[in-house]
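Notes for the structure review
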Amino acid sequence: MKNDCSVVKDLIPLYVEGLVSEETKEFIDEHRQSCENCKNLLENLAKSYNEQETNDNKKEKIWSEIASKERKKKKKKYLTLSLASVILVTLVVLGVIFLPKPLQKIYYENQTTQYDFNFTEQTLAKTGFTENDIHVASEAVKKSFEEHSDDRKLLRLAYDEKETIDENKIVYNPNHADAIVFIGDYYFFEDPVAGDGSRLRNNWKWFVKKDSSGEWKIIDQGYD
Ligand SMILES: [Zn+2]
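Residues numbered from 1 in each chain as written. Predicted model: local features only at pLDDT ≥ 70, side-chain atom pairs only at ≥ 80, totals over all residues. Heavy atoms only, no water.

Let us look at the packing of aromatic side chains. With the rule as written, the count across this model stands at 13 aromatic pairs. With centroids separated by 5.9 Å and ring planes inclined at 75°, the aromatic side chains of phenylalanine 145 and tryptophan 206 adopt a geometry described as edge-to-face. Residue phenylalanine 145 is found in helix α6 (residues 131–147), and its partner tryptophan 206 is found in strand β4 (residues 200–210); the two are separated by 61 residues along the sequence. What makes phenylalanine 145 buried here is its relative accessible area of 7%. With a relative accessible area of 1%, tryptophan 206 lands in the buried category. Ring plane angle 65° and centroid distance 6.3 Å describe the contact between tyrosine 159 and phenylalanine 182, whose orientation is recorded as edge-to-face. Taken together, the residues tyrosine 159 in strand β2 (residues 152–159) and phenylalanine 182 in strand β3 (residues 179–188) connect sequence positions 23 residues apart. Take tyrosine 159 and phenylalanine 182: they sit in the same class, and that class is buried. Here the aromatic cluster, defined as three or more aromatic residues joined through ring pairs, consists of Phe145, Tyr186, Phe188, Trp204, Trp206 and Tyr223. The residue whose ring lies beneath lysine 142 is tyrosine 115, and the NZ or CZ to ring-centre distance is 4.5 Å. (Phe/Tyr/Trp six-rings, centres within 6.5 Å; stacked < 30°, edge-to-face > 60°. Helix = DSSP H or I, 4+ residues; strand = E, 2+ residues; numbered from the N terminus. Buried < 20%, exposed > 50% of the residue type's maximum accessible area, 1.4 Å probe, protein only. Lys NZ or Arg CZ within 6 Å of the ring centre and 35° of its normal.)

Written out as structure tokens, the structure reads:
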């Protein structure tokens, strides 16, 4: 029996962890029924093994909870970051539309006015105007913006050849006969009193005509 005890003692750790063969298990079970020492030893070891396992489980649970919290934190951080970038991209795309109005003023004030006075000699001949007429007439539009430079900015000014030689337009308003038509865009720094309230006016037209004293003046303006 003493010999069996030392064999059982050696095997108890494996027995407790369930790592012994069926044969060995039967041998130990048989022995523990007749040996109080080994029975106690086995029960104590089994008890502390179970406690250890419970602690390990608890630890594992705590670690997994911590990991899960970290993951949630990361996820939240990631979501916050992507939301921020979506907002940023939207603002960039919409650009100056959402700029505060004082910033819009700075933005448009610093825009360089685009001038486009292209025309062909053939169509120019039909209008009866010279190239010089067009340039002098355009000065009338430029001058009107210089006079109101505190509240509007001319962004684009083009000679509207098609409009100038379009006979229908001349019939539509007799004052437009002999008028040179310019088209362009401009921006109001303050909300305009008249019109749709929009600060930006695209494809606005100016009709410039030489008066009796030979001076080019804006005689009409607006959308079509
Ligand atoms: Zn024993």
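What follows deals with the domain arrangement of the protein chain. The domain architecture assigned to the protein chain consists of domain 1 (1–96) and domain 2 (101–222). One C-alpha centre belongs to domain 1, the other to domain 2, and the line joining them spans 83 Å. (Domains from an automatic or database assignment.)

The next thing to look at is the pattern of salt bridges. Tallied over the full model, the rule gives 8 salt bridges. As a salt-bridge pair, aspartate 191 and arginine 199 come within 2.8 Å of each other at their nearest N and O atoms. Between lysine 217 and aspartate 211 there is a salt bridge, and its shortest N-O distance comes to 3.3 Å. Note on lysine 217: relative accessible area 40%, which makes it partly exposed. Assessed through its relative accessible area of 25%, aspartate 211 is described here as partly exposed. (Salt bridge = Lys/Arg side-chain N within 4 Å of Asp/Glu carboxyl O.)

Ideal values differ by geometry: the angle at a metal is 109.5 degrees with four tetrahedral donors, but 90 or 180 degrees with six octahedral donors. Surrounding the zinc ion are the protein donor atoms Cys5 (SG), His31 (NE2), Cys35 (SG) and Cys38 (SG), which sit 2.1 to 2.4 Å from the metal. Written as a sequence motif, the donor arrangement for the zinc ion is C-x25-H-x3-C-x2-C. With cysteine 5 in helix α1 (residues 2–16) and histidine 31 in helix α2 (residues 22–34), this residue pair connects regions lying 26 residues apart in the sequence. Across the pair, exposure class does not vary: cysteine 5 and histidine 31 are buried alike. (Donors = N, O, S within 2.8 Å, 3.2 Å for Na, K, Ca; no water.)

A few words now on the side chain of glutamine 104. Structurally, glutamine 104 can be placed in helix α4 (residues 101–109). Only 2.3 Å separates the side chain of glutamine 104 from the side chain of tyrosine 187, close enough to count as a polar contact. (Polar contact = N/O pair within 3.5 Å; in protein donor to acceptor, adjacent residues only side chain to side chain.)

Of all 10 residues that make up β3, 10 are buried, and the element is covered over most of its length. Residues Ala179, Val181, Ile183, Asp185 and Tyr187 line one face of β3 and the alternating positions Ile180, Phe182, Gly184, Tyr186 and Phe188 line the opposite face, and both faces are buried. As defined by bridge partners, β2 adjoins β3 across 7 bridges and the pair is classed as antiparallel. Bridge pairing in β3 links lysine 153 to tyrosine 187. (Pairing = 2+ DSSP bridges.)

To continue, consider the sheet that holds β3. Strand pairing within a sheet occurs via backbone hydrogen bonds; the two strands may be parallel or antiparallel. If you walk across this open sheet you meet the 5 strands as β1-β2-β3-β4-β5, and the pairing is mixed. Both edges of this open sheet fall to β1 (114–116) and β5 (216–222), since each of them pairs with a single strand only. Geometrically, the sheet is characterised by an average inter-axis angle of 30° between neighbouring strands, direction not taken into account. The pairing of β4 with β5 spans 6 bridges and is classified as antiparallel. Bridge pairing in β5 links valine 208 to isoleucine 218. α4 rests against β2, β3 and β4 of the sheet, and its axis sits at about 40° to β2. Across the face of the sheet, α6 comes into contact with β1, β2, β3, β4 and β5 while running at roughly 30° to β3. (Axes fitted to C-alpha atoms, helices over the stretch in contact; angles between N-to-C directions. Contact = heavy atoms within 4.5 Å.)

This next bit is on the layout of surface pockets. Space inside the largest pocket adds up to approximately 180 Å³. Lining the largest pocket are Val136, Glu139, Ala140, Lys143, Ser144, Glu147, Glu215, Trp216, Lys217 and Ile218. Counting residues per element, the ones that place at least two in the lining of the largest pocket are α6 and β5. Ranked by the residues each element gives to the lining of the largest pocket, the list is headed by α6, at 6 residues. Residues belonging to the lining of the largest pocket are distributed by class as follows: 4 nonpolar, 1 polar and 5 charged. (1 Å grid on protein atoms, 1.4 Å probe; cavity = no way out; pocket = protein on both sides within 12 Å on 5 of 7 lines; lining within 4 Å. Points joined across faces, edges and corners; volume = space filled by probe spheres on them. Nonpolar A, V, L, I, M, F, W, Y, C, P; charged D, E, K, R; others polar.)

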